[in-house]
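Listed below are the residues making up each chain.
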Amino acid sequence: MTDSKYFTTTKKGEIFELKAELNSDKKEKKKEAVKKVIASMTVGKDVSALFPDVVNCMQTDNLELKKLVYLYLMNYAKSQPDMAIMAVNTFVKDCEDPNPLIRALAVRTMGCIRVDKITEYLCEPLRKCLKDEDPYVRKTAAVCVAKLHDINAQLVEDQGFLDTLKDLISDSNPMVVANAVAALSEIAESHPSSNLLDLNPQSINKLLTALNECTEWGQIFILDCLANYTPKDDREAQSICERVTPRLSHANSAVVLSAVKVLMKFMEMLSKDLDYYGTLLKKLAPPLVTLLSAEPELQYVALRNINLIVQKRPEVLKHEMKVFFVKYNDPIYVKLEKLDIMIRLASQANIAQVLAELKEYATEVDVDFVRKAVRAIGRCAIKVEQSAERCVSTLLDLIQTKVNYVVQEAIVVIKDIFRKYPNKYESVIATLCENLDSLDEPEARAAMIWIVGEYAERIDNADELLESFLEGFHDESTQVQLQLLTAIVKLFLKKPTETQELVQQVLSLATQDSDNPDLRDRGYIYWRLLSTDPVAAKEVVLAEKPLISEETDLIEPTLLDELICYIGTLASVYHKPPSAFVEGGRGVVHKSLPPRTASSESTESPETAPAGAPPGEQLDAVPTQGDLLGDLLNLDLGPPVSGPPLAASAVQMGAVDLLGGGLDSLIGAPSFVAPPAAAVPANLGAPMGSGLSDLFDLTSGVGTLSGSYVAPKAVWLPAMKAKGLEISGTFTRQAGTISMDLQLTNKALQVMTDFAIQFNRNSFGLAPAAPLQVHAPLSPTQTVEISLPLSTAGSVMKTEPLNSLQVAVKNNIDVFYFSTLYPLHILFVEDGKMDRQMFLATWKDIPNENEAQFQIRDCPLNAEAVSSRLQSSNIFTVARRNVEGQDMLYQSLKLTNGIWVLAELRIQPGNPSFTVRRPLPPKAPGPLPSCPHACPGWGRPWWGGVGWGIHPGVKKHQDSDLRKLQLSPIKCLR
């Protein structure tokens, strides 16, 4: 007979009988009694009164009985903490049992007994088990450390268990490694600030070795750990990808998704020009396709993850469209997800196939699915312009079926097609009007009303059609009422003589007879516009509408990058970050993809540009896939951490090719002519395109001889893009301090508080040196002026253009983004005057082909005034001479990162145009010979403005000797 008999008894007064059986001398009777106790406990009976009697049964060699007793202990130890102490001695004894299964069982049970009183007694047995000779015991003990840390974190740290756990990552047994990684990851999640998993190339190599030999769940733990590692370069990323790729063929879908997560993350660092990149894309497709042959629940999880992957890298599955065709027996949730992915993969190459499939779906019996299929046809038309005509034809065929819900969905999507392609498909309006009487859903009625109002001049009986809707105005939904009001006003503006009574009727209904505030407000606005200024009303109501984008349903790029880091988890199914649905402190750490390498940035394809933006054009104040504004979402509201000294910042800068065409765009290119100030976009701050011209104070800036040039404040973030917050500003440099002078204006109707600011990484490491101090709440219509000190000790990353700055500002309403250009002269340091002899020698050594010339026009100043004006912005005149009536000024400046710039300025008296000649950086030499003094930074070629050589941050090699570094062989000057 099976153990199920223990669950069928209905006897009363069992506790007394069980107590007697538990104390029996016969082992079999004891075992039977414990089984009865466990059965009673399982069905919900309270058998806690038997605690001491069950604990006495622990002293046995029978493994089955011991497991049952331990199960009872785990369940009742919390309600009987004093009694649980009785079991401690047995745990200690069992941890030294010759049978490794009993040792592991004891340590596993210890971790599950969540009682503070006995945790300190369990430390010694746990320490022994962590160093046990048997790997089964060690892997069990590793998990126990994580459980103990959850009960008493301080105790685990004091006992040194975390260090022991880190040592287990180097264990010879792969399952021990996997469990150690799992335990450390669990602890790190609950304590995000601790750097427990300090991964480096050596430890990553050990994890990859263990990956091939451990169980499937061990592989998942290791792969998830690898996904949190950021390789130091693209070569290491490729090496890891090569060793992870075999996991794609694993039978367990969780292992496959974890491997996909690692590959998707590290592909960010690979150049698209690499052959391996294309190979990796091909290898990713088959495992994802295989996941779709599993049961429906697994299919759904796979499809939700594929949806993210297709949005990030559509090229992975662009040839696998047929896999996502819906099967007749798919559950509705799988059908809808497949439909969504089909639209994302739709392109000119496969659109005919997709449309034929969607047309079939529109004849299905499932109403929800049919609606989605009809909407999908409209989305195809908007996404693939070449297919729009075919899509419209398909929709018209569906309208002819006269199926009510099909007709209504078709009208809704045709409205969107009109928005995308104005004045192109209006010939179908007559067909739509024929179906006017069959519309009974608010969205379809609103869409039809919009079409009639928008194209009223082409519909002879537009007034009659709208009047038919007006008869039941108060019975309509708010959506229809608002649309009807706007449509009749449009009709009046197009046909004023024929529709005057109609517009008065609808305005009266909206303002006097309606209790909906939105409808009343809109009615009053239209009434006042029409009564005071009909011309203005026409400009407002009949204004040209922006074209709708085909990808309005795409996940925001920063969120998408974060979700890619959570592939294979619940976040990837919800399409929400863990912080949105996980309560408490766990799971709220924002993850992001690794930064692109220089090579992968340069080969970014136009396909990844945001939808609707022309190639090369950046969307203003909206994070795009190419930038790293996602970093700014994690605003640190505390005081800024003091950064390294300037020299350290400069060393970091040395690895970035800042002169690879960068300074050309700032200081000027050959035959450069300064554009007029009016041509500079207002939202870009200081007019940087004019190069050095503004330093002569030719624009309306505030330039004085006693201080550096200051550009006038410009609007960086208009109120309409920041929910009422308007930000204007400019940049200044005074007495060696760089500042961002901000003007915050509240144009909203609510008070603004809790301001904070953060910069994205930029070419010169600009970062706030102090928090953004807005001392009092910013009331509506109030303006406040703030000067924010900046440092150049922040993170460095080359940007295009070189002086662009991406900023995030947070307040109690939201986080807002904008980008601006800072004037280069705020980076000119006060000690930028080069020694005269060094300047002369360096200038002579620069070949003619390494020089560039450009002109500054319309500058009426003489040589003395120019020299004085430039010196106020830290551009120093080293020498001056007169050649054939021309004044020649030889000038030097030094940037905050130690780069020198030399220039020659020719001024012809009476001629308002100046010519500037400056050296371009020569080609980088090969690696420098090693330094016998082991100087830090030596051996790395670095452009110092006057030649390739050592970094100026190296103290023992003086700038004055920099010229000697151009000589061959290069020698250490120490």
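Under the annotation held in an unreviewed UniProt entry, the chain carries the name Adaptor related protein complex 1 subunit beta 1 and is attributed to Bos taurus. According to the UniProt record, the Sequence similarities (unreviewed entry) comment for the chain is "Belongs to the adaptor complexes large subunit family." Its UniProt record, at the heading Subcellular location (unreviewed entry), says of the chain: "Endomembrane system".

This brings us to the overall build of the chain. Within the chain, the regular secondary structure consists of 38 helices and 17 strands. Residue pairs at least 24 apart in sequence account for 66% of intrachain contacts in the chain once pairs closer than 6 positions are excluded. Surface accessibility of the chain: about 45,000 Å² in total, with carbon and sulfur atoms responsible for 52%.

Okay, the packing of helix α30 (residues 517–532) against helix α31 (residues 534–541) next. The geometry of α30 relative to α31 is characterised by a closest axis approach of 6 Å and an angle of 135° between their N-to-C directions. Judged on the interaxial angle alone, α31 and α30 are oblique. Side by side, α30 and α31 meet where Y526, L529, L530 and T532 of the first sit next to P534, A536, A537, V540 and V541 of the second.

Time to look at the state of the cysteines. Following the criterion strictly, the structure yields zero disulfides and no others. Among the cysteines around C380, which has no disulfide bond, C391 carries the closest sulfur, lying 5.4 Å off.

Turning our attention to the packing of helix α23 (residues 388–399) against helix α24 (residues 404–420). It is at 9 Å that the axes of α23 and α24 come closest, and there the two elements cross at 155°. One finds that α23 runs roughly antiparallel with respect to α24. Here the hand of the crossing between α23 and α24 comes out left-handed. Every residue of α24 that contacts α23 at V392, L395, L398 and I399 is listed here: V406, V407, A410, V413, I414 and I417. For the contact of α23 with α24, the residue count by class is ten nonpolar, no polar and no charged.

Opposite charge on two side chains makes pairing possible when the charged atoms of those side chains draw close. In total, this model carries 30 salt bridges according to the counting rule given. For D561, the salt bridge is made with K312, and the minimal N-O distance between the two is 2.7 Å. With D561 in helix α32 (residues 557–564) and K312 in helix α19 (residues 296–312), the pair connects residues that are 249 residues apart, well separated along the chain. Grouping residues by exposure puts D561 and K312 together as buried. Each of R371, R375, E409, E441 and E443 takes part in one network of salt bridges that share partners.

Below, the discussion takes up the sheet that holds strand β10 (residues 815–821). Pairing is antiparallel in the open sheet, where three strands are placed in the order β6-β9-β10. Sheet topology places β6 (756–759) and β10 at the edges, where each strand pairs with a single neighbour. Pairwise comparison of adjacent strand axes, ignoring direction, gives a mean angle of 25° for this sheet. By the bridge criterion, seven bridges tie strand β9 (residues 804–810) to β10 in an arrangement that is antiparallel. Residue pairing across strands places L805 opposite T820, the latter belonging to β10.

When the terminal C-alpha atoms of helix α29 (residues 500–511) are compared, their 17 Å separation across twelve residues agrees well with the 16 Å that a helix rising 1.5 Å per residue should span. Against the buried residues of α29 lie α27 (462–470), α28 (478–494) and α30.

Once that is clear, we can look at the confidence of the model for the chain. Per-residue confidence for the chain gives a mean pLDDT of 77, with 79% of residues at or over 70. Predicted confidence is poor over residues 598–706, with pLDDT under 50, and the contacts of this stretch with residues over four places away or in other chains come to 213 contacts. Contacts of residues 922–974 to residues separated by more than four positions or lying in other chains number 98 contacts, the stretch itself having pLDDT below 50.

Moving on to the side chain of N305. Examined against the element boundaries, N305 turns out to sit in helix α19. Only 2.9 Å separates the side chain of N305 from the backbone nitrogen of G568, close enough to count as a polar contact. What N305 contacts, discounting residues up to four positions off in sequence, is L257, I567, G568 and S572.

Let us look at α23. Over its twelve residues, α23 extends 16 Å from the first C-alpha to the last, a length consistent with the 16 Å expected when each residue adds 1.5 Å. Among all positions in α23, only A388, C391, V392, T394, L395, L396, L398 and I399 are buried. For α23, the elements touching its buried residues are α21 (351–361), α22 (367–383), α24 and α25 (429–434).

Quick look at the environment of T209 now. Relative to the assigned elements, T209 resides in helix α14 (residues 201–211). Here the alpha-carbon distance between T209 and R243, two residues 34 residues apart in the chain, equals 8.9 Å. For T209, the side chain forms a polar contact with the side chain of R243, separated by 3.5 Å.

Thresholds applied
Residues numbered from 1 in each chain as written. Predicted model: local features only at pLDDT ≥ 70, side-chain atom pairs only at ≥ 80, totals over all residues. Heavy atoms only, no water. UniProt positions renumbered as here; feature names shortened; annotations may be inferred. Helix = DSSP H or I, 4+ residues; strand = E, 2+ residues; numbered from the N terminus. Contact = heavy atoms within 4.5 Å. Areas by Shrake-Rupley, 256 points an atom, 1.4 Å probe, with all protein chains shown as cover. Axes fitted to C-alpha atoms, helices over the stretch in contact; angles between N-to-C directions. Parallel < 35°, antiparallel > 145°, perpendicular 65-115°, else oblique. Disulfide = S-S within 2.5 Å. Left-handed = near helix turned anticlockwise from the far one by under 90°. Nonpolar A, V, L, I, M, F, W, Y, C, P; charged D, E, K, R; others polar. Salt bridge = Lys/Arg side-chain N within 4 Å of Asp/Glu carboxyl O. Buried < 20%, exposed > 50% of the residue type's maximum accessible area, 1.4 Å probe, protein only. Pairing = 2+ DSSP bridges. Expected span 1.5 Å × (residues − 1). pLDDT = per-residue confidence, 0-100. Polar contact = N/O pair within 3.5 Å; in protein donor to acceptor, adjacent residues only side chain to side chain.

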